Amino acid sequence: IAVVDDAVTEGPTIDSKQIGRAQGIYVNSQLDGKALYMAFSLIFTDGEFKGSTLEIQGSDIFAMKQREFGVVSGTGHFRFVKGYGIMVTQFLDVANLNGIIKLNVTVKHN
């Protein structure tokens, strides 16, 4: 089990503006250790959606460059949303638990 509290930025560079935090857990969920189950809150701390969250969960087969996850709920601006997202690994250093992941999220609001 790994607990995360990671920066969320507008882009993949170190000088990119921080707009939130990704806080949650990853649990090893595959016998060979190549997949995780993730559940985390994407908490917006700046910008148009400041104070709102997206609740994300699903499988993360991190050996794949691109994978899909579910958006199961949200708060504030995203109250009652459902959706999905695509994660693309930009950089991964498994030994040091360090990486850059690009998220493209699509949500539907009733």
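Before any of the text, the structure's been laid out above.
Residues numbered from 1 in each chain as written. Predicted model: local features only at pLDDT ≥ 70, side-chain atom pairs only at ≥ 80, totals over all residues. Heavy atoms only, no water.

Our next topic: the side chain of Thr 89. Its location among the elements puts Thr 89 in strand β6 (residues 82-93). Side chain to side chain, Thr 89 and Arg 67 meet in a polar contact 2.7 Å long. Setting aside residues no more than four positions away along its own chain, Thr 89 makes contact with Phe 62, Met 64, Lys 65, Arg 67, Ile 100 and Ile 101. (Helix = DSSP H or I, 4+ residues; strand = E, 2+ residues; numbered from the N terminus. Polar contact = N/O pair within 3.5 Å; in protein donor to acceptor, adjacent residues only side chain to side chain. Contact = heavy atoms within 4.5 Å.)

Relative to strand β5 (residues 66-75), strand β4 (residues 53-60) runs antiparallel, the two being bridged by five bridges. What sits directly across from Gln 57, in β5, is Gly 70. As judged from the six bridges shared by β5 and β6, these two strands associate in the antiparallel manner. When the bridges of β6 are listed, Phe 69 appears paired with Gly 85. The hairpin formed by β5 and β6 contains six residues between the paired strands, and Gly 76 there has a positive phi angle of roughly 60°. (Pairing = 2+ DSSP bridges.)

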